[in-house]
Amino acid sequence: MTDLRHPIFARLYPRLDAATAKAGGSEHRAELLAEASGRVLEVGAGYGANFAHYPPEVTEVVAVEPEPRLRARAAALAARAPVPVTVRPGVAEDLDADDASFDVAVASLVLCSVRDPVRALAELRRVLRPGGELRYYEHVRGSTPGKVRFQRWTDVVWPYLAGGCHVSRRTDEWIAGSGFTVRTERRFEFPDTRGNPASPHVIGIAVRD
Ligand SMILES: C[S@@+](CC[C@H](N)C(=O)[O-])C[C@H]1O[C@@H](n2cnc3c(N)ncnc32)[C@H](O)[C@@H]1O
């Protein structure tokens, strides 16, 4: 099953993300993809917000997106992307791709939403060549007990409102424990409001062992 339908979220997300882009999200996407090169797999590409940020050294992007409405929006943006982008249905936990067939895998704001993030990371590792890069931009579990408590309570309802997103996931720790060596990671609060459960964020590059 490669279609996951979240019709209300799919209508709202591009608008919400446009506001986030103005607040700094656009720069984060550029940072995520700076100096990426070769063949790229992007999972959960959404409406294609990253496409405009791929540098010319990227030879091809295969973008997997399970939500049909977002996938259609992504296909439209793919046609205007600066590098060749193909948009396909699919889920990160079960990728239709050969072992070691990509130089770079990209996960942005998606490991919060997949049903099984550890399995998704195993799949991303499988399709990356040894030495290939996992580039990630994710919101993660907070670092104080109060914040974690707030995030856990938020996660009782948040996934129903935000297309399956969870705010208390330890995604950064799971990446480090999934057969990758973290080369760079920057952790920061974003947006800069204390009451936001979907913060802190990390932007990083982890290399497939
Ligand atoms: C918050 S959106 C982020 C979209 C995009 N990556 C971005 O940076 O704007 C989360 C995305 O994850 C996708 N998603 C949910 N479950 C997924 C799964 N199991 N495999 C791949 N993508 C998934 C959703 O359809 C949605 O496009």
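Up top you'll find the structure we're talking about.
Quantities reported herein were computed from a predicted structural model and do not represent experimental measurements. (Residues numbered from 1 in each chain as written. Predicted model: local features only at pLDDT ≥ 70, side-chain atom pairs only at ≥ 80, totals over all residues. Heavy atoms only, no water.)

A.B. asks: With reference to specific residues and values, describe the site of the ligand.
C.D. replies: If you check the shell around the ligand, you find 19 residues, and the closest are Tyr-13, Arg-29, Gly-44, Glu-65 and Ser-108. At 2.6 Å from a nitrogen atom of the ligand is found a main-chain nitrogen or oxygen belonging to Gly-44. Coverage of the ligand by the protein chains reaches 97% of its 590 Å² of free accessible surface. Top element by residues in the shell around the ligand is helix α1 (residues 7–33). It accounts for three residues. (Near = heavy atom within 4 Å. Polar contact = N/O pair within 3.5 Å; in protein donor to acceptor, adjacent residues only side chain to side chain. Areas by Shrake-Rupley, 256 points an atom, 1.4 Å probe, with all protein chains shown as cover. Helix = DSSP H or I, 4+ residues; strand = E, 2+ residues; numbered from the N terminus.)

A.B. asks: For the pattern of salt bridges, give the residues involved together with the corresponding values.
C.D. replies: Overall, the coordinates contain eleven salt bridges when judged by the stated rule. Residues Asp-172 and Arg-187 are paired through a salt bridge, measuring 3.1 Å at the closest nitrogen-oxygen approach. Remark: Arg-187 occurs in strand β6 (residues 180–188) and Asp-172 occurs in helix α5 (residues 171–176); sequence separation between them is 15 residues. For Asp-172, a relative accessible area of 13% translates into the label buried. Connected through salt bridges with shared partners, the residues Asp-3, Arg-5 and Arg-71 form a single ionic network. (Salt bridge = Lys/Arg side-chain N within 4 Å of Asp/Glu carboxyl O. Buried < 20%, exposed > 50% of the residue type's maximum accessible area, 1.4 Å probe, protein only.)

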